[in-house]
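# Examination of the molecular architecture
If you want the building blocks of each chain, they are given just below.
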Amino acid sequence: MATAAAVGRTAGAAARPGRVTTAAVVAAAILVGAICLALVATSTDSDNGDGHWFVELAANLFTIGVGLVMWHARPGNRVGPLVILMGFASTVAFLSWAGGNAIAWTIGDMWNSLGLVFLANVYLAFPDGRTSGWSRRLVIAAYAWFFVLSIGRRLVDPYPPSWPIRNPLLIWPNEGLADALSLIANVGALVLTILVVGTVLDRWRRGSPVARRALAPVFWVSPITLVFVGTFFVAQVTGSDALFALSTGPLAQLSGFLMPVAFLIGLLQTRLERGSIADLVRDLDRVKTGDLEAALARALHDPTLRLAFPTPDGTAHVDPTGTPIELPTGGERRDVTRIDGSGRTIAILIHDRAVDPELVESAAAASRLALENERLAAELRAQLEEVRSSRTRIVEATDEERRRIERDLHDGAQQRLVALGFTLRRANRRADADPELAQLLEAANRELEDGLRELRALARGIHPTALADGGLAPAVRELADRFPIPVVVDVEDRRFATPVETTAYFIVSEALTNVLRHAEATSASVSGRFVGEALDLEIADDGRGGADGGVGGTGVRGLADRAQAVGGTLSIDSPAGGGTTVRARLPLA
Amino acid sequence: MTGPVTRPLRVVLADDSVLFRSGLAHLLADEGFDVVGEAGDAAGALELVDRERPDVAVLDIRMPPDHRTEGLEAAIAIRDRHPSTAVLLLSAHVETRHAIRLLRADAAGVGYLLKDRVMREADLLDAIRRVASGGSVIDPEVVGELLGRARPHGPLDELTPRERDVLALMAEGRSNQAIAERLVLESKTVEGHIRAIFSKLGLEPEPADHRRVLAVITYLRA
């Protein structure tokens, strides 16, 4: 498995165990099995009367075999190797039947617990082979438990004098400490078992459909195994022979076969769903751009699947709608699979860890072309979105600038000119003795008044104060009041966001200017209504119609641009001889 | 306030431009008004009026903090609190709806004047005196804009040119006497014109000048 980024993975990079590795594992299993069998068989105290230990050995070797199959089926997944190790640990633990051989029995008894630790690890890492967070801490605790308590106890445990064997690892005999450690170890095993069960139950409860699918077989077999494991440890703590017999009896041994099979079925569950990939391939040419995410989610049985595309500059990711998306950073049970093509990452699948990577790879291979299209489409949408928002920003900045200029004219130039008027007046009063000068000052004052009137008209054209003070309705009404032909105004008197008001006002203003310029109309009307979450504007006239509603009409184009800048639409209806109606719909949010 | 003014009118000014305020204060002082206080914003103006109880408050419509209609709100508040203080509102732009709001709140003793008008000294002084004596003043440019509005054919088209002149002067808040003087007509003739206008427009005759202003402006605005 090639790990591309922190949690990244590139589809199809995991290598299967080679032939040599496989042969070595098989040979080791046979060798260890044979040694253990020989040691047990030759032990003077081996309890081989009913031969059920033989079944146990078979179950252990079977587990190793199943582990190998898993490793081959899911090369990138640690569950396979873990199951193999569990099989070996159990095989060695089989030595605990060699009651007459001190070394063999001691090793076997110790490894009984190691088998349990591996089992806990397999449970917690299932089905994706990795542990993180809480389950990772649990696994570490389990290994620590084994090394500290199970091995440590041997160093101080003098076996009971009644036993035929002595403890070969004993370095500091202390019966009390040994008993205490033994009790702690057994209680610890029980606690560990409960925590593992709790974690798996929790994972089931919160798991995605695909994770549940993988967990299902394990889920049904686990109670049987748990009962026997639990019984075994209770037997250890209480020293009950009956419970001990039950926990190692034929039923328990049967469960030894069931467990690995359940894990195998769970792991291959998704593999059995290859048919869905065939469906995906069949459906691809019917899948519309934008629906690929849903099609992949269906094919991989993971409704939580998300599709992401790297942005052209490679610094961020967007989803198929062009919206920025964050990749998971680990922690959650989410995986990131990169799909590469022509030297770059085409797409990224964010999916549940439980999804079979090979299945993901098949799906990715099947949909690579569609993904490439989807990526281009997402890129385009992202660019479009960027252009749209930058246009909105430009329009807003322009409007703000107009407001500022209007204010500057009003507070600056206009005030100064009026003040100049006062001065001229006062000069005039003192010019009584000089009628010629008085006349000049009077003329200057008239010029000033004309200038002020023009300045006022200019400021009003730049940004009407009525718009800022009263909103759209009064501003349109004042516009209509000054219009040379009658305009019926019917605009709801309500305030909107400044960009909407400004846009609406300039659309009305521009449309009315067009009426005057081209329509030869005798009257016009302006209406503004709320419909849903939008402002519907309509500017109509009774003129000659025939206005160019297409891109050709630059005036109309400008109107449409303004509407679109706030996410709105604009249409024009202008049949020859039938008047012109401009309709705009501006969303309020 | 009736009868001839025997003492200087006490005036309060409010405008956020110091330049404008001091220019106006000088002009009024030159003309024998008693400028008792100046303020830079609406709150200051209200405080000043509360304290000084002037005859007239001259307010700019746009003042800090928001530069919207603070002056208009202050004008309405002043008329409400101090009926003896008349208000003259100055606006940099023709905004009919502000004029109408002011008239609706209290048509007597209020005026709405374009800011440029202050340079026509005679018009300004006349407006201050008229509001101080309980009249109402509407800037001729506001009236002109209302009369000049494009509208479908209607009763206004039935008026004679002379009647239109009378209507405009009524809308500005002029009394019959003033209209007669302005148009060089007999008082009786003016009264005749007014009756004809009200009849043609379908309005109820309004004897009081300030009520007449509101009726006419509302009609023109409709």
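Note that this is a predicted model, so its numbers are computed, not measured.

Counting its regular elements, chain A contains 18 helices and ten strands. Considering only intrachain contacts with a sequence separation of at least 6, the fraction spanning at least 24 residues in chain A is 67%.

In terms of regular secondary structure, chain B is built from ten helices and six strands. Considering only contacts in chain B between residues 6 or more positions apart, those separated by 24 or more positions represent 67%.

This paragraph deals with the interface of chain B and chain A. Across the contact, 25 residues belong to chain B and 31 residues belong to chain A. Elements that contribute at least two residues to the side of chain B that touches chain A include exactly α1 (18-30) and α4 (96-105) of chain B. It is α1 of chain B that contributes the most residues to the side of chain B that touches chain A, seven residues altogether. Within the side of chain B that touches chain A, the residues separate by chemical class into nine nonpolar, six polar and ten charged.

Residues and elements named next belong to chain A. Reading across from one edge, β6-β7-β8-β10-β9 is the order of the five strands in this open sheet, with mixed pairing throughout. Only two strands of the sheet have a single neighbouring strand rather than two, namely β6 (487-491) and β9 (569-573). The mean angle between the axes of side-by-side strands here comes to 10°, regardless of whether they run parallel or antiparallel. Taken together, the eight bridges between strand β7 (residues 524-531) and strand β8 (residues 534-541) define a ladder with antiparallel strand orientation. Paired with A524 across the strands is D541, a residue of β8. Seen against the sheet, helix α16 (residues 472-481) touches β6 and β7 and runs at an angle of roughly 180° to β6. Sheet strands touched by helix α17 (residues 498-519): β6, β7, β8 and β10 (581-587). Its angle to β8, the strand with the most contacts, is close to 10°.

Residue and element names in this part refer to chain B. Read across the sheet, six strands follow the order β2-β1-β3-β4-β5-β6 without closing on themselves; strand pairing throughout is parallel. Only two strands of the sheet have a single neighbouring strand rather than two, namely β2 (34-39) and β6 (136-138). Pairs of neighbouring strands in the sheet enclose a mean axial angle of 20°, with direction left out of account. In the sheet, strand β5 (residues 110-114) pairs with β6 via three bridges, with the strands oriented parallel. Looking at β6, one finds that G111 is bridged to V137. Here helix α5 (residues 121-132) sits on the sheet and contacts β3 (56-60), β4 (86-91), β5 and β6; the angle it forms with β4, its principal contact strand, is near 145°.

All names here are of chain A. The end-to-end C-alpha distance of helix α5 (residues 133-156) is 35 Å, a good match for the 34 Å that 24 residues give at a rise of 1.5 Å each. Among all positions of α5, only S135, V139, A142, W145, F146, S150, R153 and V156 are buried. In the core, the buried residues of α5 are packed alongside α4 (102-125) and α6 (175-206).

Residues and elements named next belong to chain A. Within the secondary structure, A316 sits in the loop between β2 (306-310) and β3 (317-318). Look at A316 and you get partly exposed, because 15 C-beta atoms sit within 10 Å. Among residues more than four places away in sequence, those in contact with A316 are T311 and P324.

Before going further, it helps to spend a moment on the nonpolar core. All names here are of chain A. Of all hydrophobic cores here, the largest spans 96 residues; its most connected members are L95, A120, V122, F263 and L349. Looking at this core element by element, the count peaks at 14 residues for α4. If you count residues domain by domain, this core takes at least three from each of domain 1 (18-272) and domain 2 (275-388). Non-local contacts of A120, meaning those with residues more than four positions away in its chain, are made with V139, A142, L192 and V196.

Okay, helix α7 (residues 161-171) of chain B next. All names here are of chain B. Buried residues of α7: V166, L167, L169, M170 and A171, and no others. Residues of α7 that are buried in the fold lie against β6, α6 (140-148), α8 (176-183), α9 (187-201) and α10 (209-221). Phi for G173, located one or two positions after α7, is positive at around 100°.

A word on the packing of α7 of chain B against α9 of chain B. Residue and element names in this part refer to chain B. For the pair α7 and α9, the least separation of the axes is 10 Å and the interaxial angle reads 90°. What the angle tells us is that α7 and α9 run roughly perpendicular. Between α7 and α9, the residues in contact are R162, E163, V166 and L167 and V190, H193, I194, A196 and I197, respectively.

Attention now moves to the pairing of β2 of chain B. Side-chain direction in a regular strand flips from residue to residue, so the side chains alternate between the two faces of the sheet. Inspection of the sheet shows strand β1 (residues 10-14) of chain B paired to β2 of chain B by five bridges, in the parallel sense. Along β2 of chain B, the bridge assignment pairs L13 of chain B with E38 of chain B.

Let's shift gears to the pairing of β6 of chain A. Residue and element names in this part refer to chain A. Summarising the sheet, β6 and β7 pair through five bridges and their orientation is parallel. Residue pairing across strands places V489 opposite V526, the latter belonging to β7. You can see the chain leave β6, run along α17 and come back into β7, and the turn it takes is left-handed.

Residues and elements named next belong to chain A. Secondary-structure assignment places E400 in helix α13 (residues 368-429). When the 14 C-beta atoms within 10 Å are taken as the criterion, E400 is described as partly exposed. For the pair E400 and P499, spaced 99 residues apart in sequence, the C-alpha separation works out to 9.3 Å.

How each quantity is defined
Residues numbered from 1 in each chain as written. Chains lettered and ligands numbered in written order. Predicted model: local features only at pLDDT ≥ 70, side-chain atom pairs only at ≥ 80, totals over all residues. Helix = DSSP H or I, 4+ residues; strand = E, 2+ residues; numbered from the N terminus. Contact = placed C-beta atoms within 7 Å. Nonpolar A, V, L, I, M, F, W, Y, C, P; charged D, E, K, R; others polar. Pairing = 2+ DSSP bridges. Axes fitted to C-alpha atoms, helices over the stretch in contact; angles between N-to-C directions. Expected span 1.5 Å × (residues − 1). Buried ≥ 20, exposed ≤ 12 C-beta atoms within 10 Å, placed from the backbone. Core = buried A, V, L, I, M, F, W, Y, C linked by C-beta atoms within 7 Å. Domains from an automatic or database assignment. Parallel < 35°, antiparallel > 145°, perpendicular 65-115°, else oblique. Right-handed = clockwise from strand over helix to strand, strands pointing away.

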